[in-house]
Amino acid sequence: MTQVSDRKELKVPATSTIHDDDNAVIDVAQLGETLLGKWAAVRRQARELAGRPEVYKIEGLSMDEHRERTFGQLKYLVDNKAVHRAFPHSLGGSNDHGGNVAGFEELVIADPSLQIKAGVQWGLFGSAVLHLGTDEHHTKWLPGIMSLEIPGCFAMTEIGHGSDVASIGTTATYDQASEEFVINTPFKAAWKEYIGNAARDGRAAVVFAHLITRGVDHGVHAFYVDLRDAEGNFLEGIGGADDGLKGGLRGIDNGQLHFSNVRIPRTNLLNRYGDVAVDGTYTSSIESPGRRFFTMLGTLVQGRVSLDGAAVAASKVALTTAIRYATQRRQFNATSDTTEEVLMDYQRHQRRLLPKLATTYAASFAHEELLEKFDGVFSGKHDTDEDRQDLETLAAALKSLSTWHALETLQECREACGGAGFMTENRFTSLHADLDVYTTFEGDNNVLLQLVAKRLLADYAKEFRGADFGVLARYVVGQAADLTMHRTGLRQVMQTVVDSGSEKKSAIALRDENTQRQLLTNRVEAMVADIAGELREARNLPQDKAAEVFNRNQNDLIKAATAHAELLQWEAFTTALHKITDTGTREVLTRLRDLFGLTLIEKHLAWYLMNGRLSTQRARTLSDYINRLLTHLRPHALDLVDAFGYGPEHLRATIASGIEQERQDEAMNYYRRLRASGDAPIDEKVVIARQKKAARSSASS
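Every chain begins its residue count from 1, and numbering advances along the sequence as written. Only residues with pLDDT of at least 70 are given local features in this predicted model, and only at 80 or more are side-chain atom pairs given and counted; all residues enter the totals for whole chains, interfaces and linings. Hydrogens and waters are ignored; side-chain quantities use all the structure's heavy atoms.

Novice: Would you mind showing me how to read the nonpolar core here?
Specialist: Inside soluble globular proteins, nonpolar side chains tend to come together where they are buried. In this description, a nonpolar core means a group of buried Ala, Val, Leu, Ile, Met, Phe, Trp, Tyr and Cys residues linked to one another through side-chain atoms lying within 4.5 Å. Here's how the labels work: a residue is buried when its accessible area is under 20% of the maximum for its type, exposed when over 50%, partly exposed in between, all with a 1.4 Å probe on protein chains only. If you look at the biggest cluster of nonpolar residues, it comprises 171 residues, and the most contacted ones within it are L77, W122, F208, Y361 and L640. The contact criterion used throughout is that any non-hydrogen atoms of two residues lie within 4.5 Å. Setting aside anything within four residues of it in sequence, one finds L77 in contact with L49, A82, V83, L107, L114, A118 and W122. Listed in part, the 23 residues of the second largest apolar core include C153, V207, A209 and I264.

Take a look at the structure:
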């Protein structure tokens, strides 16, 4: 992941020159290949599978029916060899971690319940055994997990702590006499909650608990625990409850689990990073408890990576449906007395959908970079501590933005399609309900962005670690000069002089790639520097006072992390843009990238004005130039969504099937024939106008 401090060292291609050539044509096939990315073949296979009726979501099923169908679909995935890519060659897998996630995330277009339930079984439960266990564990349990003979749970979250895994209450205390761990949830807030497969299907679980041996708590570790017998009854000491009906994802049997003196063999500790000997001695290859904890949790980052990709896929499906409908649906007469306007020709409709399309492209390109980073770490090609930290931070940043964006996009597309959008058959409401929880899956987005912000502050601090007085003095002087230039309006004056009051020059400056990069980057750098300055005082304060200082700046921290994630998406879009070889496609994508970047600047315009980063001249130009971009992009809207590559078997939305065009054609043909017949009734307004004209003529004579 590129950090702010590395920004000046980026090897970025020269600024693209955009020609206002309205005849630009997109090579949809080439663009589609670019969007498919490194794992194009896997994505095609996964989409072909996701387009089969066997894995469709059937709307209107009862909760029990939906759960039964989803579990059966897991077996269908096993039979079609769709779940083994990430597992070792020795067990029939292909050790393809990036391809595995690329395939799984496409399942969201079939049924989000299937995507998540498959993710629980193989991406969380199976992955925990794979990455936290040893060869002995792999041999013992992975074949059954892969074949679905052992349906499992990932029992981390507790009702009392949610995303705060370090503070969970479940304990695993080693009993040296019996060579067993004793699992307990000592109070109700420690019950495992919202656990997929817990209510019905799970036969075993990877349970996260504090490992206690010889009176010492060694922090959270993972343990393999059998839950039910062959008939589906809980084993002794284990209990639970069904979470029941949820707002979405009704095909998943989420539930609670609790443990009372449940004994498991010492060897059920997944001991890759920490082990307990027969005599109770604890050892670990990672000396620092904090680093050990984050290393263990870091191996499970693929959940966030796949949620990011699934959210992007859902946004693509929604926009494809909404834009296809908007290019066919006609409403209101504006330019003709006989022909109504296509919705997509209205500026407001373009404002609603095209910026969402631009953001989806940015999120898609950013996800591909995340997926490559993930594969590099888990394949071992790029697996340093720094690589893992970068992956963790990047996944937290992008998952947060893409899942929020998916919900916003689904809602906007729903509204843009009017009453038709509210019909379940067109999938907006169903997808919105299912994806709602993605914003808190694998970590609440606000918590994840706080993690990102802390990393930004840590990188900021590293810049000055060990610096001599002269370096610090020059920094302070430079910062003061920067504040003077920006906050006294000097930069605004300079921009106004350069623009010479010319709207055209302002527009040229705004669409310049380096100008956009500078504006987006400077915002992140300034926000991080301001927060670092505010938090500096906390270093020497007592814990409670330091926490107060941090809490006062928490909202700004999350804003800075969001700005950083937006910058990462813009950079990913720009990097992908420069790989496009077809001139017309590159031209249209440049406009789309500009729309993304300038919409971000418009969104945060108050900050840019208050901090002196934009002149009022350029600020006034911004909105008009965005509207011009929308006009240029309008003719390419269909090509841009067609490049996503989703067919009718994936969209499964009536209004995206061409039925609206048939209705419009039928209506226009009817009125055309009626006018030609001479039997068409006369509009009352025409009669009144004729009467008034006749009256005026009579009076004048």
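Novice: Any chance you could explain the sheet that holds strand β4 (residues 192-195) here in plain terms?
Specialist: Strand-to-strand pairing in sheets goes through backbone hydrogen bonds, with the strands running parallel or antiparallel. Pairs of strands are assigned from DSSP output, requiring at least two bridges between the strands. Here a helix means four or more residues in a row that DSSP labels H or I, a strand means two or more in a row labelled E, and each is numbered from the N terminus. Ordered by their spatial adjacency, three strands build an open sheet running β4-β8-β7, and the pairing between neighbours is antiparallel. Here the strands that pair on one side only, and so sit at the sheet edges, are β4 and β7 (238-242). Between one strand and the next, the sheet's axes are offset by a mean angle of 20°, whatever the strand orientation. When β4 meets strand β8 (residues 255-259), the two strands line up antiparallel, connected through two bridges. Its bridge partner lying in β8, I195 is registered against G255. Only the stretch in contact is used when fitting a helix axis, every axis being a line fitted to C-alpha atoms; angles between N-to-C directions are given from 0 to 180 degrees.

Novice: Would you mind showing me how to read the pattern of salt bridges here?
Specialist: Two side chains of opposite charge can pair, provided their charged atoms sit close to one another. We count a salt bridge whenever a side-chain nitrogen from Lys or Arg sits within 4 Å of a carboxyl oxygen from Asp or Glu. Counted under the stated rule, the structure contains 36 salt bridges. Here R388 makes a salt bridge to D383, at a shortest N to O gap of 2.6 Å. Between R663 and E660 there is a salt bridge; the shortest N-O distance is 2.6 Å. A residue pair is termed a helical-turn pair when its members lie 3 or 4 positions apart in one helix, as R663 and E660 do in helix α25 (residues 659-677) at three residues.

Novice: Would you explain unusual backbone geometry in this entry?
Specialist: Negative phi characterises most residues that are not glycine, and trans characterises most peptide bonds. Even without being a glycine, E179 presents a positive backbone phi close to 55°. In this fold, E179 is placed in the loop between β2 (171-175) and β3 (180-184). Overall, the relative accessible area of 37% leaves E179 in the partly exposed class. Not every positive phi belongs to a glycine, and R652 is a case in point at roughly 50°.

Novice: Teacher, can you tell me more about the confidence of the model for the chain here?
Specialist: Low-pLDDT stretches of the model should not have their predicted coordinates read in fine detail. Within a predicted model, pLDDT stands for the predictor's per-residue confidence, ranging from 0 to 100. Per-residue pLDDT for the chain averages 89, and the proportion of residues at 70 or more is 90%. Counting contacts from residues 1-20, a segment whose pLDDT is below 50, to residues more than four positions away or on other chains yields 49 contacts.

Novice: When you look at the pairing of strand β5 (residues 204-213) in this model, what are you seeing that I'm missing?
Specialist: Among the 10 residues in β5, nine count as buried, and that is most of the element. Of the pairings in the sheet, the one linking strand β1 (residues 152-155) to β5 comprises four bridges and is parallel in character. Looking at the pairing, C153 lines up with A205 of β5. Alignment of β2 against β5, held across three bridges, turns out to be parallel. Bridge pairing in β5 links T173 to I212. Inspection of the sheet shows β5 paired to strand β6 (residues 216-226) by nine bridges, in the antiparallel sense. Across the sheet, A204 pairs through a bridge with D226, a residue of β6.

Novice: Explain helix α3 (residues 63-79) here, please?
Specialist: Three or four residues apart is the spacing at which side chains of an α-helix point the same way, because the helix has 3.6 residues per turn. An expected span of 1.5 Å times one less than the residue number is assigned to each helix. Over its 17 residues, α3 runs 25 Å from end to end, which matches the ideal 24 Å to within 8%, given 1.5 Å per residue. Within the sequence span of α3, burial applies to H66, R67, T70, F71, Q73, L74, Y76, L77 and V78. Lining the buried residues of α3 we find α2 (40-50), α5 (112-132), α6 (135-147) and β7. Phi for K81, located one or two positions after α3, is positive at around 50°.

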